[in-house]
Amino acid sequence: MRLFGRDAELAQLDAFIGTAAADGAGLLLTGDPGVGKSVLLDAIAASATGAGARVIRAAGVEFEAEMSFAGLHQVIHPLVEELGRLGAGHRRALEVAAGLDDGTPPNQLTVSTAMLALLTQTAADQPLLVIVDDMPWLDRVSAVVLGFVARRLAGSGVGFLAAFRSDEVSFFERGGLPELEVRPLDDQAAAALVDDHFPKLSPRIRQRLLEDAQGNPLALLEMPIALSGHRPAWTSSTPPPVSRRLQSLFASRISNLPEATRGQLLLAALDGSGELRIVRDAAAAVWGTPALDAAERARLILVDGGAGRVAFRHPLTRAAVVELSTNEERSRVHRALAEQFPDDSERRAWHLAEAATGPDEEVAELLERAAAKVQRRGDPVGAMVLLLRAADLSPDVEDRKRRSVMAAYIGVDVTGDLRNMLAVLEPGVLREPPSLVVALAGAAYLLQRHGAIDTAYRMILGAIENSPDPTDAKDEILNEALWVLQALTAFGSRPELVESFQAVLAQLRPEPPELIQLLASTYVEPARLALPVLDRLDDVVAALDEQSDPGYIIRVGVAALYADRLPSCRTALWRAVEHGRAGGAITAGIEALLLLGCDDLLSGDWDEASRLAGEGLALCEEHNYQLLAYILRFQHAWIAAARGDEATVNTLTDEMLQWAGSRRVGFVLNYAHHAKGLAALGRADYEAAYQQVSAISPAGTLVPHSAHALWVILDLVEAAVRTGRHAEARAHVAAVQAAGVSGISTRLALVASASAALVASEPEDGRLFEEALATPGAECWPFEQARVHLAYGERLRRAKSPSQARSQLTAARDIFHRLRADPWAKRATSELRATGLPATHADALKKIDTLTPQQREIALLAAAGLTNKQIGDRLYLSPRTVGTHLYQLFPKLGVTSRAALRDALADHPTS
């Protein structure tokens, strides 16, 4: 087929084919309906095939947009013979995802990496081009997976080409991929196209066609018949959009087909997979024989018997087929399609649901089971949709309520959908005692929306106690209730809540689920219970690479928080963030941002922590998640405290205290006290610091109901020592040692040893400081490490060991400068000066890091006594160049001679 006015687009697409075949590439086509995207896709497919590439085609289908993995099935099916070349894990994941085999549903990450491996392996023998038309109608999971693949094609020999209608949104992540906009034909090209196809049109009809079509190629080809009369093809004075007129033209053509042909077109439209076998088998069950020939002659579909595929020539044709059908016809076709799939297939459940004309418990059960599979695959939004449809089809009122509430719970706990929560729950939901499933959803709503800890806790605890069997550890609803109960317990941070929660766990048989046990030990009561379960926690964290369910990832991340295992969770947490950004699990995405930010606080990447907290707060405001918003504010407050921004600290912590105080949200109160205490330490107000951090955990006690006590050990001991409360400081160190805190993580080992050093006398204190700084991985926790250097340097200075003190104080100051922790850097600099180091020397030490790498190396070599010639020989510079550098850097360092430079840099760690 000759294309008019598309030379530029074809040239760009041909170049894309060459790039993709050589190195792998992705490209997106955008444009209005009928503008020629599909024709260009056909042309590029033919060109790629002619160039020796293998072409795989798929298309989004409006009527399958809610069916998980429907789009991927189209891509995988033609490559079935290639699956055997993959590793067992990848092969199994794609077989189950494509419905080729039964088994545990694979998680989204595994499917994504497996799909990338399949395409890359296929392209190893022959360049491969994957073409997806109507991408915005692709189901959510398929869009996310293909987005993952499209951004990782470098070096693969795989091309990915997808078409979007202009301004349509999609779950496909378009960022980072080039786009080619297909515009309407110019006047000359439009006229040439019409003259080529309709050379006998009268001048009047030709002119009207060119005016009405507005350069849209499909309109130029399909509208001449409608315009052949004396009146336009519409009745209103204002013509409808071109796309609507085209759909009307297709509808007219479809109406003239035999009934059996129209019915089988409807089969192809509602199936969406493009598999000719499914359409023919379903047609045989209803009409006896296939009857698609007439539709093919009418240029509505393309049938490729050799490849076993059937496709509509244009998406508007598919839409017209469905629009012309009756409810009864659609139900009959859906039932026929359902018979083509196994009993436990999600596609069977979906087709039966679409065929249902009233309540049907059998179909509702199929949908509920399908929802569980979909959620395990990492698509909570899809699970929520299936549960709501199951509720609609439930004949029994209690079953309908249970399924509606579970959908609402997923909406609150995972997807961030609070909008319809109270509409789903009956007006009396907050009256006690509700059923367990109602209490589950209601408590999650009260927790996230209002921070109503006590009301939610009573509601869910009462529902557990009144459930048919509160000891059944295999009850999935009960397990979800336990997750919410532990969250309420941790957020409340009060002993009576912990006691009740642990009592509920103790009665479970045969034993509580592993993740609930871990959360109870490492998140609810880490100081008392974390040590015995750390090996199990490490195993669960290590297995996160196999997980894509955002809810599960968050639960493991929460269990890892106070055991300092978040660094090993980061990759999985970022998957949860991306899932939320793509429109999936919003709540889990916010929680992942929060957990990543907590890790950044400890690892010293404070700027990233601030960015992530800002993104999370924007989402909290959009979705009205008050509790999470106040927890995220802590990260801003903590960074402000460490950097000396007192105004920000006071504003944020005062808001936190006011909101959390009346609600008794101990978790947020502890966060506020921590930020205020850290700010007080930075400004040397040790009495205020002591009052703030001892509100979290009194000196001498690691309160079991407050996990955050593990984050303020060093703060409390230092504040106690500085205010003369030596007995309290020693008691707190003894409590830390009795709890075995140093065995939980390297960070806590560093903190425990440093705290012990603060209360020790000479020479024991020096040994303990050295032990703390020798902790493996101490550099992973830079702020704590710098504080230990500072405390050790201060102790050495008072012990009249100025040279040793300078080494520790310099290390502390350098880390604080890097973190921009100004109050702490000033304190280290002041201590350096107190060692007898002249102010200019201290300033030189501070300023050396502002030099270029080459200037810095020259300065250090000169300070070590090397001549210009010796420095030049070592650095391959001329002596004159070395002299020039020294002339320029002396003023920068505030010195005027080599002797002054030597004295100033004598205590630099690398001098």
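Check the entry above for the structure.
Read on for an overview of the structure. Bear in mind that the values here come from a model prediction, so they are computed numbers and not experimental data. (Residues numbered from 1 in each chain as written. Predicted model: local features only at pLDDT ≥ 70, side-chain atom pairs only at ≥ 80, totals over all residues. Heavy atoms only, no water.)

**Some points on empty space enclosed by the protein**
Heads up, the condition is: For cavity detection a 1 Å grid was placed over the protein atoms alone, and a set of points counts as a cavity when a 1.4 Å probe fits there but cannot get out; an open set counts as a pocket when protein lies on both sides within 12 Å along at least five of seven lines, with lining residues being those that have an atom within 4 Å of a point. Grid points are joined across faces, edges and corners, and a volume is the space filled by probe spheres set on the points. Secondary structure elements follow DSSP: runs of H or I of four or more residues count as helices, runs of E of two or more count as strands, with numbering from the N terminus. The classification used treats Ala, Val, Leu, Ile, Met, Phe, Trp, Tyr, Cys and Pro as nonpolar, Asp, Glu, Lys and Arg as charged, and all other residues, Gly among them, as polar.
Applying the stated criterion across every chain, the model contains eight cavities of 30 Å³ or more. Phe491, Tyr523, Val558, Glu591 and Leu628 are, among the 20 residues lining the largest cavity, the residues nearest its centre. Breaking the lining of the largest cavity down by element, the ones donating at least two residues are helix H21 (436-450), helix H23 (476-492), helix H28 (550-561), helix H30 (586-603), helix H32 (626-643) and helix H34 (666-682). No other element matches the five residues that H23 contributes to the lining of the largest cavity. Here the lining of the largest cavity is built from residues that sort into 16 nonpolar, two polar and two charged. Approximately 130 Å³ is the volume attributed to the second largest cavity. Along the wall of the second largest cavity there are 16 residues; nearest its centre are His674, Trp711, Asp715, Arg747 and Glu784.

**Regarding the pattern of salt bridges**
Which entries qualify depends on this criterion: Any Lys or Arg side-chain nitrogen located within 4 Å of an Asp or Glu carboxyl oxygen qualifies as a salt bridge. Note on exposure labels: buried denotes an accessible area under 20% of the residue type's maximum, exposed denotes more than 50%, and partly exposed covers the range between, all computed with a 1.4 Å probe on protein chains only.
The full count for this structure, using the stated rule, is 52 salt bridges. Note that Glu578 is salt-bridged to Arg581, the shortest N-O span being 2.9 Å. One end of the pair, Glu578, and the other, Arg581, are both in helix H29 (residues 570-581), three residues apart, so they sit about a helical turn from each other. For Glu578, a relative accessible area of 38% gives the class partly exposed. When its relative accessible area of 42% is taken as the criterion, Arg581 is described as partly exposed. Among the salt bridges present, the one from Arg722 reaches Glu794, with a minimum N-O distance of 2.7 Å. Taken as a pair, Arg722 in helix H36 (residues 713-722) and Glu794 in helix H40 (residues 782-798) lie far apart in primary sequence, 72 residues in all. Given a relative accessible area of 34%, Arg722 falls into the partly exposed group. For Glu794, a relative accessible area of 4% gives the class buried.

**A short note on the pairing of strand E3 (residues 128-133)**
On a regular strand, each side chain points to the face opposite its neighbour's, so the side chains alternate between the two faces of the sheet. This is how the line gets drawn: A pair of strands is treated as paired once DSSP finds two or more bridges between them.
Within E3, six of the six residues are buried, which leaves the element mostly enclosed by the surrounding structure. With burial as the criterion, each face of E3 is covered, one bearing Leu128, Val130 and Val132 and the other bearing Leu129, Ile131 and Asp133. Sheet topology places strand E2 (residues 54-59) next to E3; six bridges connect them, and they run parallel. Bridged to Val55 within E3 is Leu129.

**A closer look at the packing of helix H11 (residues 259-271) against helix H12 (residues 276-287)**
We apply this condition: With axes taken as lines fitted to C-alpha atoms, and helix axes fitted only over the stretch in contact, angles between N-to-C directions fall between 0 and 180 degrees. Working rule for angles: under 35 degrees goes down as roughly parallel, over 145 as roughly antiparallel, 65 to 115 as roughly perpendicular, anything else as oblique. If you view the pair so one helix is near and one far, a crossing is left-handed when the near helix is turned anticlockwise from the far one by less than a right angle, and right-handed when it is turned clockwise. For this analysis, residues touch if any pair of their heavy atoms sits within 4.5 Å.
Two elements in contact, H11 and H12, have axes separated by 10 Å at closest approach and are oriented at 140°. Judged by the inter-axis angle, H11 sits oblique to H12. Read as a crossing pair, H11 and H12 show a hand that is right-handed. Of H12, the residues touching H11 (which contributes Ala260, Gly263, Gln264, Leu267, Ala268 and Asp271) are Ile278, Val279, Ala282, Ala283 and Trp287. The class makeup of the residues in the contact of H11 with H12 is eight nonpolar, two polar and one charged.

**So, the side chain of Ser325**
This is how it is decided: Within 3.5 Å is the distance limit for a polar contact, defined as a pair of N or O atoms, with the added protein rule that one can donate a hydrogen and the other accept it, and that residues adjacent in sequence qualify only through two side-chain atoms.
Within the secondary structure, Ser325 sits in the loop between helix H14 (315-324) and helix H15 (327-338). Polar side-chain contacts of Ser325 include one of 2.6 Å to the backbone oxygen of Val322. In this structure, Ser325 is in contact with Leu266 and Arg330, ignoring residues within four places of it in sequence.

**Here's the deal with the layout of surface pockets**
In this structure, the largest pocket encloses a volume near 1,000 Å³. Considering the residues around the largest pocket, the lining is formed by 31 residues, among which Gln375, Arg376, Glu476, Glu480 and Arg555 are closest to the centre. Among the elements of the structure, helix H17 (361-376), helix H19 (397-415), H23, helix H25 (514-524) and H28 are those that each provide at least two residues to the lining of the largest pocket. Split by residue class, the lining of the largest pocket holds 17 nonpolar, three polar and 11 charged. The volume enclosed by the second largest pocket comes to roughly 890 Å³. In terms of lining residues, the second largest pocket is bounded by 33 residues, among which Arg57, Ala58, Arg309, Val310 and Ala311 are the most central. Put simply, the parts of the chain that give the lining of the second largest pocket at least two residues each are helix H2 (37-50), E2, H11, strand E6 (301-304), strand E7 (309-312) and H14. Here the element with the most residues in the lining of the second largest pocket is E2; it accounts for five residues.

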